[in-house]
Amino acid sequence: MIQNREFRSHDTINDAYLFGLLKHSTSLISRARELELAQYQITMEQMSVLHALLISKGSATIDEIATIVIRQHNSVSTIVNRMSKAGLVKKEKILHQKKYSVQITEKAQSFVAAIPRKSIEMVFTSLSLEEKGQLATCLEHLISAGHDILGHNHNLVFLENGAEPNT
């Protein structure tokens, strides 16, 4: 028999309940964004790669992109190959290494600038500026804890001057 667990009470909130809320909200927001992007024949994964390149000043290795988007190297490589065929990125082998450098194309930069973010805006307008700040702080803490648990390096290329978020 399955025990009926109370996930939320007046004085405590169970971690499993919080995880469920986070997962469910992420799924709903992501699905709305997927539907919005589908109109432009681009996937969330491809947009993630383009975003990673933009915050990396237009160029990065596949390993660097994989670190930023929290995906496996092979997955990123497959996505980049498809994007290269579509003219969104340019992939070049780095001399004397087994690595590739990926550059965002002008076509992709114009494409990203033209794609609306209405689905994201519609969701987050439900929060006040103060609530957005609180959410950002909480999510930064969770990201940091996740990186710690997974043993990831916190020197992320998109942080200015290599600074870590305030924890």
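Residues numbered from 1 in each chain as written. Predicted model: local features only at pLDDT ≥ 70, side-chain atom pairs only at ≥ 80, totals over all residues. Heavy atoms only, no water.

A residue-level look at the protein chain finds 84% of positions with pLDDT of 70 or above and a mean pLDDT of 87. Counting interchain partners and residues more than four positions distant, the pLDDT-below-50 stretch residues 162-167 has eight contacts. (pLDDT = per-residue confidence, 0-100. Contact = heavy atoms within 4.5 Å.)

Attention now moves to a nonpolar patch on the surface. On the surface, Leu 22, Leu 135, Leu 139, Leu 142 and Ile 143 cluster together to form a nonpolar patch covering roughly 400 Å² of accessible area. Counting residues per element, the nonpolar patch draws most heavily on helix 7 (residues 129-150), which supplies four residues. (Patch = residues over 30% accessible without salt bridge, like charges linked within 9 Å, V, L, I, M, F, W, Y side chains within 5 Å. Areas by Shrake-Rupley, 256 points an atom, 1.4 Å probe, with all protein chains shown as cover. Salt bridge = Lys/Arg side-chain N within 4 Å of Asp/Glu carboxyl O. Helix = DSSP H or I, 4+ residues; strand = E, 2+ residues; numbered from the N terminus.)

Moving on, we get to the nonpolar core. If you look at the biggest cluster of nonpolar residues, it comprises 24 residues, and the most contacted ones within it are Leu 50, Leu 53 and Ile 65. Of all elements in the fold, only helix 2 (44-55), helix 3 (62-69), helix 4 (73-85), strand 3 (100-104) and helix 5 (106-114) reach the threshold of two or more residues within this core. The contacts of Ile 65, once residues within four sequence positions are left out, are Val 49, Ala 52, Leu 53, Ala 60, Val 76 and Val 102. (Core = buried A, V, L, I, M, F, W, Y, C linked by side-chain atoms within 4.5 Å. Buried < 20%, exposed > 50% of the residue type's maximum accessible area, 1.4 Å probe, protein only.)

Turning our eyes to something else, we now look at the pattern of salt bridges. Where side chains of opposite charge bring their charged atoms close, a pairing between them can arise. Enumeration according to the criterion identifies four salt bridges in this entry. For the salt bridge of Arg 33 with Glu 36, the shortest nitrogen-to-oxygen distance reads 2.8 Å. Separated by three residues within a single helix, Arg 33 and Glu 36 lie in helix 1 (residues 15-38), roughly one turn from each other.

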